[in-house]
Amino acid sequence: MEVLYVIVPLAVAFAGGALMTYIWGVRSGQFDDMTTPAHQILVDDTDHTDQAGAGASGRE
Amino acid sequence: MPHIAAQWSEPVKPNTAIASIAVRGVSTGKLSCLHCGRSVATPDSFCCSGCEKVYHYLAAEGLTKYYSLLSSLEVAAPSQSTQDDLADASPAAPPEADLFRWGGGRAVQYGFFVPALSCAACLWLVERVLSPSHEDLRDVQDVRINLEEKMVVVTIAADKAAPVGAILERLSRLGYRALPPKLSQSGEARTAAARQRLVDLGISGAVFANVMLFATSVYFGDIWGMTPGMARFFNLASLVLAAISLATAGRSFFVTAWSAIRHRIMHIDLPIAAALILAFSVSVVSLITGRGGIYFDSVTGLIFLLLVGRHLNERLQIRARRLAQAVVSLIPAAGAQLRPGDEVAIKVGDLVPADGVVISGTSEVNEAALTGEPLPRVKKIGDPVFAGTHNVVGAIRVRVERSGDDCYVRRLSQLVDTAATRKSKFETAAETWLSWFVAGIFVAAGLATVVWFVKDSSRIVEVVCATLIVSCPCALALATPLTMATALRRAWEHGIIVKSSEAFERAAGIDTIVLDKTGTLTTGNVRVVGVERSGGAAADESAVILAVAELSRHPVAKAVAGYLRSAAGREAKRRPVVESALETPGLGLRATGRTESCTLAAKERSFEVVIGSVAYLRSLLRGRPALDELETLVADAMHRSPQVVVIMVTFEAEVHLQVLSLEDRLHAEAPALISRWQEQGIDVYVVSGDCQEAVARVAVACGLTSAMTRYGATPELKSEFVRGLTAKGRKVMMIGDGVNDAAAIAGADVGVAVSGGVDLALSSADVFMGRTGLGPVAQLLSFARYNQISLRLILSLSVLYNVIAVALAISGVLHPFVAASIMPLASLTVILIGTLRRGESIWKSYTSSCPLPSPSPVAHS
């Protein structure tokens, strides 16, 4: 069972790594807003034709 | 009055909207507003000028993709009908950029609170409109939108002038009201605090999971054999992790506990902090000496669970407070620049910017926001007008007498502040239980000392420590935030927004309800309740009346239009053309036009429509035979309601008269609910600013005696009335909607602002309703009581757990494993009860949101 003396610190170190990643995620603002990004992907950002044709297109 | 004629002879142009759309070649042919999709009378038109403005702005900017986005999301654009007046009324007053300051460093951030942000289409639109590609916004570095908080945060380089004015203008042209974020701390500080909380949660959660793993290993190692060295190793690992958790995530408890000690107040964090320190140091000592209990698992679990409860509660309360801020100043921006003695012109549809006196013109001004009276008042030269009221009929010039903070509406808000500070201190259930609990702990510790002094004095320290540790009010501390968080969320889902959990607890003990009349007991809008007419209706009659009535902003004209739309249904005929219209304040609206004749298809015939007061029609019909007919009709209609409006339609020579009875309708569920409350032993009062007769009518309909009503009440009297009741020890809930109720709402034990209420009422309230009527209030009361029972149940159970644990600890047989399992067990019960007791039946009882009965089916067309 002596292997536990090695395994346990290793496991804690891994957990610590995961925790650091999480903290980095929080600090870099990834958890600031949990709602907006989910909505943002619904909108296609690619077509700029719509902007060019100002006023020409109506309600589709 | 010649000047009136001069101002009011200009014809109203009703068809410009239709014409401009025809030019742009857009046609859907549907009878819905092109912007917001609300039903309208004619195809390809708008429900209001606000929607029209936004639509044209979007078209000009090439942003019509917004509409296809909306339809793909299956939502409708917000209607602008309530906002057009605001947009009109605020000329380019330079806003103070500092108001919107959000945070700063190398780049300055400005925050705009935009309550109307709701979906992906809003997101798209705001991003487009505020993009730096616009000339006036080229210094914008970044635009971030947070839908949950309804914030738009714009980053601008620090050395550049902030285009706050341009941003506000663009947002308002989209129909979005942008408000200063009104933060107690800067946005940056708030974000930092929120992030810190998440970090703390993460650390304490990770530590808890790992320590629990070690602890269970040791517990089972006890039974199945584990070398002492291995157990010591596991405990050491727990010690390191627990120290980390205590030093980082646990810090907030010590900070609060310390300030509680300094201010000599009892706070739930005090026993928690004491237990944490005690449990940790006892465990360290036990680890070194090799005997005694080790409680690292309890320490870390306690920290984690408490933080979870607090996090949930805090998030909900922040959201509720933000919503409460969705309140604008009633006074238009222009008001701030005005000085006494200035003269201002106030157009139709504008808000009055300052208190003053009419110096020219005549109009009708809707003072509902201040007085609660549903119908506008006639204002002639010399009459006073008040800031925040709404000019609905004619243009007037006003000489300012008081502006800014001296305005009546501002002084009312000061009244609100004083009423709020007078509010009695409320002791929450958790606080009451806690003080008893702490006393109990000391008794238990004393008892343990005595018992073990007699039995075995060498074990005194060990046993007393164990007693103190297991009696830590962990579940107690978790109970309130968690139950309240789930309760607040549930109420929220049903359109009841409660600003604090304390208000929720107060609501459970209410024994007196004070109701405002207009807008609370009643719908706040006059509606047509009956029609008296002689002879049949002419063809097209409804169509021409509707066309005329829609020209006016007057509540009576709106009521007539609404009634005709619902009674006549959709007529696909050609819209009558109104050629000229003249609205005379205090009298009515007179219009002429042409419509297609039905009998001779090719020929058009002219018509004249008069919608006005009895006095107006009397003067018009003087000396004509129709006068007698009018008098008979009016006499009949007066039986139904004292408020009537006369409509006269003249096609060529034939005259059609009808008299419509108007009434501010009672919410359908109100009488039943009031009698139910009375059965429950709750006193119900109606306090209104309206006249005696109107209040009495409502009181009779609700089954209230005259002793329970007050009429003609000013805001001060309302507030005084509520204070009088609270002074007598009554637990008062005040329900209202207007500025005139705000002070009373703030002073009541539970202040409730009903849907459609005015900002000041909303901001002073503890609770506000997202749905109309009294149904939500009944739900709130039932749910608050139900929730109070849940809370007591949870508190009793958690105390029971502690009593068992303490008893075991005193008897000296408490195995650390039992201590460790009791703590999560208690917490689990709390969570279980909190989630199981949902009170579904309460929500079902009024979910039909109480539709108002449609006007009685009277013979019409």
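Residues numbered from 1 in each chain as written. Chains lettered and ligands numbered in written order. Predicted model: local features only at pLDDT ≥ 70, side-chain atom pairs only at ≥ 80, totals over all residues. Heavy atoms only, no water.

**Concerning the overall build of chain B**
Here's step 1: Looking only at helices and strands, chain B has 31 helices and 24 strands in total.
Here's step 2: Buried residues in chain B amount to 53% of all 861 residues.
Here's step 3: Look at the contacts in chain B between residues 6 or more apart in sequence, and 71% of them connect residues 24 or more apart.
Here's step 4: Accessible area for chain B stands at about 35800 Å²; split by element, carbon and sulfur atoms hold 59% of it. (Helix = DSSP H or I, 4+ residues; strand = E, 2+ residues; numbered from the N terminus. Buried < 20%, exposed > 50% of the residue type's maximum accessible area, 1.4 Å probe, protein only. Contact = heavy atoms within 4.5 Å. Areas by Shrake-Rupley, 256 points an atom, 1.4 Å probe, with all protein chains shown as cover.)

**What about helix α9 (residues 228-248) of chain B?**
Here's step 1: For α9 of chain B, spanning 21 residues, the distance from its first C-alpha to its last is 30 Å, which sits close to the expected 30 Å at 1.5 Å a residue.
Here's step 2: Considered for burial, the residues of α9 of chain B that qualify are M230, A231, F233, F234, N235, A237, S238, L239, L241, A242, S245 and L246 of chain B. (Expected span 1.5 Å × (residues − 1).)

**Observations concerning a nonpolar patch on the surface**
Here's step 1: Together, V3, Y5, V6 and I7 of chain A make up an exposed nonpolar region whose accessible area comes to about 350 Å².
Here's step 2: Mapped onto the elements, V3 of chain A comes out in the segment before α1 (4-27). (Patch = residues over 30% accessible without salt bridge, like charges linked within 9 Å, V, L, I, M, F, W, Y side chains within 5 Å. Salt bridge = Lys/Arg side-chain N within 4 Å of Asp/Glu carboxyl O.)

**Topic: the nonpolar core**
Residues and elements named next belong to chain B.
Here's step 1: Counting residues in each nonpolar core, the largest one holds 135 residues, and the members touching the most others are F504, I513, L515, L521, W677 and M733.
Here's step 2: Leaving out residues up to four positions away in the same chain, L521 has contacts with L515, D516, R665, L666, H667, A670, I674, V686, V698, C702 and L774.
Here's step 3: Formed by 48 residues, the second largest nonpolar core is a distinct cluster that contains F112, L125, V126 and V143. (Core = buried A, V, L, I, M, F, W, Y, C linked by side-chain atoms within 4.5 Å.)

**Some details on the confidence of the model for chain B**
Close inspection of predicted coordinates is inappropriate for parts of the model with low pLDDT.
Residue and element names in this part refer to chain B.
Here's step 1: Per-residue confidence for chain B gives a mean pLDDT of 76, with 80% of residues at or over 70.
Here's step 2: pLDDT under 50 marks residues 326-331. Its contacts with residues more than four places away, or in other chains, come to 26 contacts.
Here's step 3: Note on residues 847-861: pLDDT under 50 across the span, and 32 contacts to partners over four residues away in sequence or across chains.
Here's step 4: Predicted complex metrics record ipTM = 0.77 and pTM = 0.66. (pLDDT = per-residue confidence, 0-100.)

**Here's the deal with the pairing of strand β18 (residues 643-651) of chain B**
A regular strand places its side chains on the two faces of the sheet in alternate fashion.
Residues and elements named next belong to chain B.
Here's step 1: Of all nine residues that make up β18, eight are buried, and the element is covered over most of its length.
Here's step 2: Bridge count for strand β17 (residues 604-612) against β18 is six bridges, and the pairing is antiparallel. Bridging from a neighbouring strand, I611 pairs with I647 of β18.
Here's step 3: Summarising the sheet, β18 and strand β19 (residues 654-666) pair through nine bridges and their orientation is antiparallel. Bridge pairing links F651 to E654 in β19.
Here's step 4: Counted along the chain from β18 to the antiparallel partner β19, the turn is two residues long, and its residue E652 has a positive phi close to 50°. (Pairing = 2+ DSSP bridges.)

**Overview of the environment of G812 of chain B**
Here's step 1: Take G812 of chain B: it is sitting in the loop between α29 (775-811) and α30 (816-836).
Here's step 2: It is 8.8 Å that separates the C-alpha atoms of G812 of chain B and W452 of chain B, two residues lying 360 residues apart in sequence.

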